[in-house]
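If you want the building blocks of each chain, they are given just below.
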2 protein chains.
Amino acid sequence: MLSEFSLIDRYFAQRARTGARRATLGIGDDCALIAPAAGEMLAVSTDMLVEGRHFFPDVDPHALGHKALAVNLSDLAAMGAQPLGFTLAFALPKPDENWLAAFSAGMFELAERHDCELMGGDTTAGPLNLCLTVFGSVRQDVALRRDTAQTGDDIWVSGTPGDARAGLAAIRGEWPHAAIDSTDAAYFRRALEYPQPQVALGLALRGVARAALDISDGLAGDLRHILTRSHVNADIDVDALPLSDALARLPRELQLQCALAGGDDYELCFTAAPQQREAVAAAAQQAGVRVTRIGTITSRDTASQAAHEQPDAAPTMTWRDRAGTPLNLTLQGFDHFHAD
Amino acid sequence: MLSEFSLIDRYFAQRARTGARRATLGIGDDCALIAPAAGEMLAVSTDMLVEGRHFFPDVDPHALGHKALAVNLSDLAAMGAQPLGFTLAFALPKPDENWLAAFSAGMFELAERHDCELMGGDTTAGPLNLCLTVFGSVRQDVALRRDTAQTGDDIWVSGTPGDARAGLAAIRGEWPHAAIDSTDAAYFRRALEYPQPQVALGLALRGVARAALDISDGLAGDLRHILTRSHVNADIDVDALPLSDALARLPRELQLQCALAGGDDYELCFTAAPQQREAVAAAAQQAGVRVTRIGTITSRDTASQAAHEQPDAAPTMTWRDRAGTPLNLTLQGFDHFHAD
């Protein structure tokens, strides 16, 4: 045991021990013990965050602590699962008290807001790396899956996707011609650094939405996962995309690139039958979140021999403007912060 | 999506999808869904392995795949939990097909032996880092904890601790004066690279052992965790330590340092009431594992005011030879492969 690693004990293990209510044993024994409520399943997701790929070397540690947990809670939100707890494994080049204090504060503030408790972990010396595994509870029959979209479903998105990508551009000084003012830059940066996982919306959408996922790699790329796994296509009204006021002040081409191909949003993209529109609106109101209908699930050409032989073939996304005119958008090659 | 990361899909995700029986959804959706059997708890443990700290940069990837899962299964063994599944997150500098093929083969061979299925994961580019989270199933009332040792309990250990530490020395060429012959060196090295998690023993010890943990940082240091959490002391017969034939050929001082302070053994250390000796022997026979009684749990001096005021104060370990004569052993400063 490195004596300096007692700092980590102070900021994580002690806090987990005093706060623990749900997990049995946990930090201090070989394993934590946890069970979902009777009749429910445990939803499990794991994410690894690496310096230079998912965050900048000089990232504010408070923001990093928040985001490391937020991206994992977002996976629970996308399943409609109620957060229960998480494990945290991380490698640090050298424990630094100020850094650990801020990092743990950012993480625990979000954890407490979602009643999600630290159940166990591992720490080691090494290049900075964060690996979280989150646990939630959901009934299997109402879990929000990716493979359940149906032809005719509305396609919805929460919040205003694209702001996080504009935040990355603002930090990098990527678009000198776009002249982002400082208030907008601060807004974009906050969207990138403090994404809010849509846990309440995911819970409210159980039994209402048909398929769902969270947007981590960009709306177009992530929606493609639903289309592939559900064997359907999509028709998107590009003029319906919900844009923040700040994003709406950028050139139109950047608006669309950010909203459709920008990563790190952690909003939910979901489908629901048209007769569920009022129920979707009610769920959004209950969660205090804006949701917008942006398109329709369409069928694959099942007459084609190719569709039968290659059920996992690439789906087709059709982009249209408000008048219904098809648009030719090039989303390839738009640089993400992380691309895996 | 980096196209080269489709290699990872080939070696991990596809295999997980075709092999999955226990987890619902899993790889390809936002979360895996899993539930323990009725009346059981899910035991959860997470470990992070870092190059240069837990393994050498030129480690055989097959051995690394084995060991990354083995150290996690060992945590389940130490709880008496039946393995169910695991998630794998890893960062790789650059996907290399030969490396991934060997790494995944080493991991899945062990996973299949323990019927433990890959349920989900995450991959990213970055300095080599492996983070596994394992899930097992155990009834809470028979889970093997660390805080339940009682005065008068026998102290047991499985296998022959110390061999892994000698393997590290053999690779490093650390003890030129000890003249390890090449057969012994190969044996030691295998102990270091292919530790066998004592899953069957852990299962057989449920209801028999009182407290248990696995030896990752050395018998003395790990036993100390049981003593601290159970508020007891220990009396160890150093001459009773089980040594492999190869370790017994080393100078006596190295034997003791390896057996007591060597890390990476992943054997079980446990306590049981003396009336359970036959039951312990039966459990070991059932698991096909050697177990050895090495000492006794003794009480703290509860008359002392300090013991009342500091229930978490450092426990005392007393070392004796076969005749009962106390020995003065210095275990501090014995270099481990990893020390956190």
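From a predicted model like this one, the values you see are computed outputs, not experimental measurements.

A. Looking closely at the sheet that holds strand β10 (residues 268-272) of chain B. All names here are of chain B. If you walk across this open sheet you meet the six strands as β8-β10-β7-β11-β9-β12, and the pairing is mixed. In this open sheet, the two edge strands, each paired with only one partner strand, are β8 (211-214) and β12 (317-320). This sheet shows a mean twist of 25° between the axes of neighbouring strands, independent of strand direction. Relative to β10, strand β7 (residues 154-158) runs antiparallel, the two being bridged by four bridges. Paired with I155 across the two strands is T271, which belongs to β10.

B. Structural context of the packing of helix α2 (residues 61-79) of chain B against helix α3 (residues 97-113) of chain B. All names here are of chain B. Put simply, α2 and α3 touch, their axes get as near as 6 Å, and they point 35° apart. Classified by chirality, the crossing of α3 by α2 is right-handed. Of the residues in α3, those touching α2 at P61, H62, L64, G65, H66, A68, L69, A70 and L73 are W99, A102, F103, A105, G106, M107, E109, L110, A111 and R113. Of the residues contributing to the contact of α2 with α3, the split by class is 13 nonpolar, four polar and two charged.

C. Spotlight on the relation of the copies chain A and chain B. Once chain A is rotated about the relating axis by 180° and shifted along it by 0.0 Å, it coincides with chain B to within an RMSD of 0.0 Å. The operation mapping one copy onto its partner corresponds to a two-fold rotation axis. A symmetric contact is evident, with 100% of the interface residues of chain A recurring at the interface of chain B.

D. The arrangement of unusual backbone geometry in detail. Despite not being glycine, D264 of chain A has its phi angle at roughly 70°, a positive value. Turning to its location among the elements, D264 of chain A is positioned in the loop between α9 (252-261) and β10 (268-272). Despite not being glycine, H231 of chain B shows a phi value in the positive range, around 55°.

E. Representation of the pairing of strand β3 (residues 41-50) of chain B within the structure. For β3 of chain B, a buried count of 10 out of 10 residues is recorded, marking the element as mostly surrounded by other parts of the structure. Here β3 of chain B shows no split at all, with M41, A43, S45, D47 and L49 of chain B on one side and L42, V44, T46, M48 and V50 of chain B on the other all buried. With three bridges joining them, strand β2 (residues 32-34) of chain A and β3 of chain B adopt antiparallel strand pairing. Bridge pairing in β3 of chain B places A32 of chain A opposite V44 of chain B. Across 10 bridges, the pairing between β3 of chain B and strand β6 (residues 129-138) of chain B is antiparallel.

F. Spatial organisation of the interface of chain A and chain B. Counting from both sides, the interface comprises 57 residues of chain A and, opposite them, 57 residues of chain B. Around 4600 Å² of area is buried between chain A and chain B when both sides are counted, 61% of it from carbon and sulfur atoms. At the surface where chain A touches chain B, the tally comes to zero salt bridges. Elements that contribute at least two residues to the side of chain A that touches chain B include exactly β1 (24-25), β2, β3 (41-50), α2 (61-79), β4 (82-92), β5 (117-125), β6 (129-138) and β8 (211-214) of chain A. By residue number, the principal contributor to the side of chain A that touches chain B is β3 of chain A, which donates nine residues. Its residues assigned to classes, the side of chain A that touches chain B comprises 32 nonpolar, 13 polar and 12 charged.

Cut-offs used in this document
Residues numbered from 1 in each chain as written. Chains lettered and ligands numbered in written order. Predicted model: local features only at pLDDT ≥ 70, side-chain atom pairs only at ≥ 80, totals over all residues. Heavy atoms only, no water. Pairing = 2+ DSSP bridges. Helix = DSSP H or I, 4+ residues; strand = E, 2+ residues; numbered from the N terminus. Axes fitted to C-alpha atoms, helices over the stretch in contact; angles between N-to-C directions. Left-handed = near helix turned anticlockwise from the far one by under 90°. Contact = heavy atoms within 4.5 Å. Nonpolar A, V, L, I, M, F, W, Y, C, P; charged D, E, K, R; others polar. Least-squares fit on C-alpha atoms with pLDDT ≥ 70 in both. Buried < 20%, exposed > 50% of the residue type's maximum accessible area, 1.4 Å probe, protein only. Buried area = accessible area lost by both parts, 1.4 Å probe. Salt bridge = Lys/Arg side-chain N within 4 Å of Asp/Glu carboxyl O.

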